[in-house]
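So you can see what is in the structure, the chains are spelled out below.
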Amino acid sequence: EYIRQVTFGLSQEFGVARQVVGNYAHFWTWREQQESSDSMTGNLLTAVYLDPQDPMFFEEPSKPVAVYSHDIVAKRVAL
């Protein structure tokens, strides 16, 4: 799953919004728990890439500049 996020905020110049662009790729993995059929464990890996307008983009455009990993537990609450 690939996401391009554009965030607008306040800038130091009146009437001109500050724009921040982020490029993210999400990779999901899920596993059933052996001891319980009512729960699963997962991992969300988020890779952050530079935008082409960033001066450092052309140094390594295909590799992420940051990687985040989050463990997830999903449990069934009703049938």
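Check the entry above for the structure.
If you're wondering where the values come from, they're calculated on a predicted model, not measured in any experiment.

Thresholds applied
Residues numbered from 1 in each chain as written. Predicted model: local features only at pLDDT ≥ 70, side-chain atom pairs only at ≥ 80, totals over all residues. Heavy atoms only, no water. Helix = DSSP H or I, 4+ residues; strand = E, 2+ residues; numbered from the N terminus. Polar contact = N/O pair within 3.5 Å; in protein donor to acceptor, adjacent residues only side chain to side chain. Contact = heavy atoms within 4.5 Å. Salt bridge = Lys/Arg side-chain N within 4 Å of Asp/Glu carboxyl O. Buried < 20%, exposed > 50% of the residue type's maximum accessible area, 1.4 Å probe, protein only.

Caption draft 1: Here's a closer look at the side chain of T46. Mapping T46 onto the fold places it in strand 3 (residues 39-49). Of note is the side chain of T46, whose polar atom sits 3.0 Å from the side chain of H26. Setting aside chain neighbours within four positions, we find T46 in contact with Y24, A25, H26, A66, V67 and Y68.

Caption draft 2: Inspection of the pattern of salt bridges at higher detail. In total, this model carries 1 salt bridge according to the counting rule given. Between R4 and D51 there is a salt bridge; the shortest N-O distance is 2.8 Å. A residue pair is termed long-range when its members are at least 10 positions apart, and R4 in strand 1 (residues 2-9) and D51 in the loop between strand 3 and strand 4 (66-75) qualify at 47 residues. The exposure class assigned to D51 is buried, which follows from its relative accessible area of 9%.

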